[in-house]
Structures are given as structure tokens and as C-alpha cells.
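Residue strings, one per chain:
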Amino acid sequence: MSCLLDLTSEQWALLREVARDCPLSLDAIGHFQDLRRLIKEKLVTVSRAKVSATPSGIEALWYHCKH
């Protein structure tokens, strides 16, 4: 479940940035290791050089902010 994710503070910050500026240009992201983790966890998607938060990513971010 997304609420049990053990992401680093950098990964949470990247997810917040993607969710806020969705979709975000892939060129604007310099943290490819962090992005890879978010993709693996299905929190973001990449399509046509644009990164977007998934519903699971938004849910995880909401839960993280509340706790």
C-alpha cells in the first residue's frame, strides 16, 4: 500500500514537485535515481518526455503530508 512507502526526503520532494507542476518536463528533473524509484513504485508515469503523478502518487503524497 502506498501509505507504507519508505521514500527518501529527496524522493518525496520530487513527487511533490511533479504533483504540483503536473505534467513536468523530463528535462526539468535532474534526480534520475529518485525518479526511477518513483516510477518503480508507480507513483509517477513518463510519457512523451513529460512526468505526471499517478493517482497512487497523489494518495501517497497526501498520506505522507498528513502523518
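None of the values given here were measured: they were computed from a predicted structure. (Residues numbered from 1 in each chain as written. Predicted model: local features only at pLDDT ≥ 70, side-chain atom pairs only at ≥ 80, totals over all residues. Heavy atoms only, no water.)

Let us now look at the pattern of salt bridges. Enumeration over the complete set of coordinates arrives at 2 salt bridges. Note that D21 is salt-bridged to R20, the shortest N-O span being 3.3 Å. R37 serves as the salt-bridge partner of E41, at 3.3 Å between the closest nitrogen and oxygen. (Salt bridge = Lys/Arg side-chain N within 4 Å of Asp/Glu carboxyl O.)

Pairing of strand 1 (residues 24-25) with strand 3 (residues 50-53) involves 2 bridges; the strand directions are antiparallel. Paired with S25 across the two strands is K50, which belongs to strand 3. Across 4 bridges, strand 2 (residues 44-47) lies against strand 3 in antiparallel orientation. From the neighbouring strand, V46 faces strand 3, where its bridge partner is V51. Connecting strand 2 to the next strand, strand 3, in antiparallel fashion are 2 residues, including R48 with a positive phi near 55 degrees. (Pairing = 2+ DSSP bridges. Helix = DSSP H or I, 4+ residues; strand = E, 2+ residues; numbered from the N terminus.)

What follows deals with the sheet that holds strand 2. Read across the sheet, 3 strands follow the order 1-3-2 without closing on themselves; strand pairing throughout is antiparallel. Here the strands that pair on one side only, and so sit at the sheet edges, are strand 1 and strand 2. This element, helix 1 (residues 9-20), spans strand 1, strand 2 and strand 3 of the sheet and lies at about 100 degrees to strand 3. (Contact = heavy atoms within 4.5 Å. Axes fitted to C-alpha atoms, helices over the stretch in contact; angles between N-to-C directions.)

What follows is about the nonpolar core. Residues W12, L15, V18, I29, L38, L43 and V44 are the most contacted members of the largest nonpolar core, which totals 16 residues. Listing elements by their share of this core, those giving two or more residues are helix 1, helix 2 (32-40), strand 3 and helix 3 (55-66). The greatest single-element share of this core, amounting to 4 residues, is contributed by helix 1. Aside from chain neighbours lying at most four places away, what touches L38 is L7, Q11, L14, L15, L43 and V44. (Core = buried A, V, L, I, M, F, W, Y, C linked by side-chain atoms within 4.5 Å. Buried < 20%, exposed > 50% of the residue type's maximum accessible area, 1.4 Å probe, protein only.)

Its location among the elements puts R16 in helix 1. If near-sequence neighbours (up to four positions away) are discounted, R16 is found in contact with L61 and H64.

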